[in-house]
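Okay, here's what each chain looks like letter by letter:
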Amino acid sequence: MTGTVLALLGGDGSAMPIVFVVIAVAAGGGALYRYLKLRKKREDLERLVRRDPRLQRTAIPCGLRPDQISWWCRGLPKGDRRTGLDFGVEGMMSIDLGADRPSETNVAAFRWWWEERSRTRNRHGANTTTYSKRYLPTALVKLPFALDQRVLIRPESVLGRVGLTRGGQQLESSEFNRRFRVEARDEQLSVYLLDAGFQQMLVEEFQGRTIEVFGELLLVAGQPDHRDESLTGVVGELPAMRQDAYRILQAIPAAFWRRAQGGNRS
Amino acid sequence: MIELLIVVAVVVVLPGVWLIWAYNRYVAQIASIDASWSGIDVELQRRHDLVDNLVRTVAAYTDHERATLEAVTKARARAVEAVGEQTPLKEQAQAEDALTDGLTRLLAISEDMPDLKADRAFRELQNQLVETEDRISASRRLYNLEVAAYERRRRAVPSNIVAWLFSFAKREMFEIRDAGAQHAAQVHW
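Please read all numbers here as calculations on a predicted model, not as lab measurements. (Residues numbered from 1 in each chain as written. Chains lettered and ligands numbered in written order. Predicted model: local features only at pLDDT ≥ 70, side-chain atom pairs only at ≥ 80, totals over all residues. Heavy atoms only, no water.)

S.K.: How would you summarise the overall build of chain B if you had to cite specific residues and measurements?
M.R.: Helices and strands together make up the secondary structure of chain B, namely 7 helices and 0 strands. Counted from the first residue to the last, chain B has its helices and strands arranged as α-α-α-α-α-α-α. A compact globule built from 189 residues should have a C-alpha radius of gyration of about 16 Å, whereas chain B, at 24 Å, is more than 25% larger. In terms of principal-axis extent, the alpha carbons of chain B reach across some 90 × 30 × 20 Å. The buried share among the 189 residues of chain B stands at 42%. Of all intrachain contacts in chain B linking residues separated by at least 6 positions in sequence, the fraction that spans at least 24 positions is 79%. For chain B, the computed accessible surface area is about 10400 Å², with 58% contributed by carbon and sulfur atoms. Looking at charge distribution, chain B has the averaged site of its 23 positive side-chain charges lying 4 Å from that of its 28 negative ones. (Helix = DSSP H or I, 4+ residues; strand = E, 2+ residues; numbered from the N terminus. Rg over C-alpha atoms; globule rule 2.2 N^0.38 Å. Buried < 20%, exposed > 50% of the residue type's maximum accessible area, 1.4 Å probe, protein only. Contact = heavy atoms within 4.5 Å. Areas by Shrake-Rupley, 256 points an atom, 1.4 Å probe, with all protein chains shown as cover. Lys, Arg positive; Asp, Glu negative; His and termini not counted. Charge placed at Lys NZ, Arg CZ, Asp CG, Glu CD.)

Structure representation (structure tokens):
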């Protein structure tokens, strides 16, 4: 291998400095590109926060650290090593939860990341373990009351979609059952949540997304189908995630909120 | 000899195992349907009790709405009578819908009576009524889902053979109006 490289460089190694310069320029260029990209994202984030006075940057959305989010939310991937979040914003939103007056609720949007392990074996039998980062746009809402049970709605697996390994709670809409898997210990609670209108909205607008309600939190995770074109990269997805969380909150049936509030009263 | 055993297994044992499995699944489904129905039954009885209390509370505030109060009381009596294994589900549903209509009129009365609206016990009863009706609605959907799954199996091939062999009877869905949604608009949360 070394011989081949030396042969390509003229045989005596006199061109080695040129090679080092090329490598250094490439590395420097790469670092500069990453720096500029990061700076652009930070500038866009600042622009987003300046645009909406109720919005602020956050590293602890809804007052939760990443490890607490990871522990609370089963719908978020945990990965094989580390997890965390970057580029988060949060701010109050006025939502109608079926009460006499709208509630002020904290709605956060951020990019969740986790590390996935992959093992490769070379021809000499040596194993190499590498970790790659994966990202997921996520919205987290702090509800004004706590639910004692969890409802998790996540995309159905490929085998589930064709009806081979369909699990979870089945509902009236066969299209919904084909697209989503509902996991809930209290089946009545998920029936409260998933009325015909909410099922239809999820099928039409939220395919491939994960929605979870537990305690004081509502989680919406997955790639949005729209974005703010004036903002680059992931930052453009953050307003879209907040809007999606708002749409979901508004579409949740009033009976579900009444059940949640009734549970808090008793 | 081995070939013969395989043939016996294929012809006798496997269908036998499938028959037992299919029968037991029917039994489990019927148990689920009955459990779901008992959930509705409990909530319907709770609603009947609440209606009685509501009528008495409203009666303490008005003398002019005797006709409405009597209509609700009669509708409640019919609904209470209809709770029972002998009454067809359709008739029970009709009795509950009639009670829902009566309750809607009763709650509408309170809109024009500030003293009654301010009564804490009345407000609490209204909230409990809507919560109970929400639970009836959710229990009804769970029951109907169980019945739908059972009926799907009862009609599909080959499980319909087991249903025919062991006379697993048709189960009716329970269809009533969503009273919780109807009355929630008249209740202040």
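S.K.: How would you sum up the packing of helix α1 (residues 2–59) of chain B against helix α3 (residues 89–111) of chain B? Please name residues and give values.
M.R.: Residue and element names in this part refer to chain B. Where α1 meets α3, the closest approach of the two axes is 12 Å, and the angle between their N-to-C directions is 30 degrees. The angle between α1 and α3 falls in the class roughly parallel. Handedness of the crossing formed by α1 with α3: left-handed. Judged by residue contacts, W37, D41, L44, R47, H48, V51, L54, V55 and V58 of α1 engage L89, Q92, E96, L99, T100, L103 and L106 from α3. Looking at the contact of α1 with α3 residue by residue, the class counts come to 10 nonpolar, 3 polar and 3 charged. (Axes fitted to C-alpha atoms, helices over the stretch in contact; angles between N-to-C directions. Parallel < 35°, antiparallel > 145°, perpendicular 65-115°, else oblique. Left-handed = near helix turned anticlockwise from the far one by under 90°. Nonpolar A, V, L, I, M, F, W, Y, C, P; charged D, E, K, R; others polar.)

S.K.: Could you give an account of unusual backbone geometry, with specific residues and numbers?
M.R.: In this chain, V157 of chain B is followed by P158 of chain B through a cis amide linkage whose omega measures 5 degrees. Position of P158 of chain B among the secondary structure elements: in the loop between α5 (120–155) and α6 (159–165). You will see that C62 of chain A, though not glycine, has its phi angle at about 55 degrees, which is positive. Within the fold, C62 of chain A resides in the loop between β1 (55–58) and α3 (66–72). On the accessibility criterion, C62 of chain A (7% relative accessible area) is buried. Although it is not a glycine, F87 of chain A adopts a positive phi angle of roughly 50 degrees. With respect to the element layout, F87 of chain A can be found in strand β2 (residues 83–95).

S.K.: Run through the domain arrangement of chain A, naming residues and quoting values.
M.R.: Residue and element names in this part refer to chain A. Under the domain assignment, chain A is made up of domain 1 (1–51) and domain 2 (55–260). If you average the C-alpha positions of domain 1 and of domain 2, the two centres end up 37 Å apart. Tallying the contact residues gives 10 residues for domain 1 and 14 residues for domain 2. Sorting the residues of domain 1 by area buried against domain 2 places K41, L45 and L48 first, and these three jointly supply 46% of that buried surface. Viewed at the interface, domain 2 and domain 1 are joined by 2 salt bridges. Here R57 ties to E46 by a salt bridge, and the two come within 3.0 Å at their closest N and O atoms. Between domain 1 and domain 2 we count 5 residue pairs in polar contact (both at pLDDT 80 or more) in total. Class assignment of the residues belonging to the side of domain 1 that touches domain 2 gives a composition of 4 nonpolar, no polar and 6 charged. (Domains from an automatic or database assignment. Buried area = accessible area lost by both parts, 1.4 Å probe. Salt bridge = Lys/Arg side-chain N within 4 Å of Asp/Glu carboxyl O. Polar contact = N/O pair within 3.5 Å; in protein donor to acceptor, adjacent residues only side chain to side chain.)

S.K.: Describe the state of the cysteines, naming the residues involved and giving the relevant values.
M.R.: All names here are of chain A. Across all of its chains, the model carries 0 disulfides over all chains by this definition. Free cysteine: C73, not disulfide-bonded; nearest cysteine sulfur from C62 at 9.4 Å. Looking at C73, the relative accessible area reads 3%, which means it is buried. (Disulfide = S-S within 2.5 Å.)

S.K.: Tell me about the environment of I69 of chain A, and name the residues and values.
M.R.: Residue and element names in this part refer to chain A. Residue position: I69 is located in helix α3. On the accessibility criterion, I69 (0% relative accessible area) is buried. Along the chain, I69 and W112 lie 43 residues apart, while their C-alpha atoms are 9.9 Å from each other. Dropping the residues within four chain positions of it, I69 is found in contact with P61, L64, L76, L85, F110, W112 and L140.

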